[in-house]
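Examining the three-dimensional arrangement
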Amino acid sequence: MDPSLFKLPWEALLTLASGYAAYFVANVGVREHHKSIDIALSTLVFGFFGAFSYEVLRRFIVSDILASSILSFLLASLLGGLWNRYGRGLLTLVLRSSNVSHSDDLPSAWLALFTRTETFAKQISVKLKDGTWLKCDDAARFGKKPNGPFVLGGSGDLLMFVTHQQDPGGEFYECPDVESGEWGPEITYIPKEQIARIDIRRT
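Owing to the predicted nature of the structure, the values given are computational and were not obtained by experimental measurement. (Residues numbered from 1 in each chain as written. Predicted model: local features only at pLDDT ≥ 70, side-chain atom pairs only at ≥ 80, totals over all residues. Heavy atoms only, no water.)

What follows deals with the overall build of the chain. Looking only at helices and strands, the chain has four helices and eight strands in total. Along its sequence from the N terminus, the chain presents helices and strands in the succession α-α-α-α-β-β-β-β-β-β-β-β. For the chain, the C-alpha radius of gyration of 22 Å lies well beyond 17 Å, the compact-globule estimate for 203 residues. Along the longest, intermediate and shortest principal axes, the C-alpha atoms of the chain span 70 × 50 × 35 Å. For the chain, buried positions account for 30% of its 203 residues. Relative to all contacts within the chain whose residues are 6 or more apart in sequence, the contacts with residues 24 or more apart total 63%. Carbon and sulfur atoms make up 60% of the accessible area of the chain, which amounts to about 13,000 Å² in all. (Helix = DSSP H or I, 4+ residues; strand = E, 2+ residues; numbered from the N terminus. Rg over C-alpha atoms; globule rule 2.2 N^0.38 Å. Buried < 20%, exposed > 50% of the residue type's maximum accessible area, 1.4 Å probe, protein only. Contact = heavy atoms within 4.5 Å. Areas by Shrake-Rupley, 256 points an atom, 1.4 Å probe, with all protein chains shown as cover.)

A word on the pairing of strand 2 (residues 133–136). Here strand 2 shows two buried faces, one formed by Trp-133 and Lys-135 and the other by Leu-134 and Cys-136. Direction of pairing for strand 1 (residues 121–128) relative to strand 2: antiparallel, over a ladder of four bridges. Each bridged residue has a counterpart across the sheet, and for Lys-127 the counterpart in strand 2 is Trp-133. Hairpin connection from strand 1 to strand 2: four residues lie between these consecutive antiparallel strands, with Gly-131 at a positive phi of about 95 degrees. The sheet contact formed by strand 2 and strand 5 (residues 164–166) spans three bridges and is antiparallel. Each bridged residue has a counterpart across the sheet, and for Trp-133 the counterpart in strand 5 is Gln-166. (Pairing = 2+ DSSP bridges.)

Pasting the structure below:
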């Protein structure tokens, strides 16, 4: 980081800080493909709302610099959260319904799984390249466990609680000791190189 940034006026620093915080919240899980120019412009767009709210707060509501700075920072971050939760999906819906574009601007279908936060996972099954199937029959059962009910890695890897397994040519059988009162639940890491297919049931 360039130390000269800290010599900028307070309003400029607040614009950059609140803008990046909002950008981060707005794009959690889908930032990997963003270019530097995307990050910079998104930071400035969100930062504008942070700076605008700062000026309004200072002039009409809160004269204290620290209080108005904190509030404007939080407001910008809230705006990023609203964009993540509602704005992106609404924009995509408008573009599709108006036939402007049917693209969600994501580089892979895998990343689209991270944008649907209103869904609840019920079951996940993973087929490995050697033909073995691993399944978590009731994902909700592990919802409150560490890393539960499963974790979809941004690079394509996976963490899951394996309750059932099917060997090539065999039938599914229940895996023992997935949950242990003494040792805790057992979670399995699966590298993307071993995964051939993933099936997820959501409501």
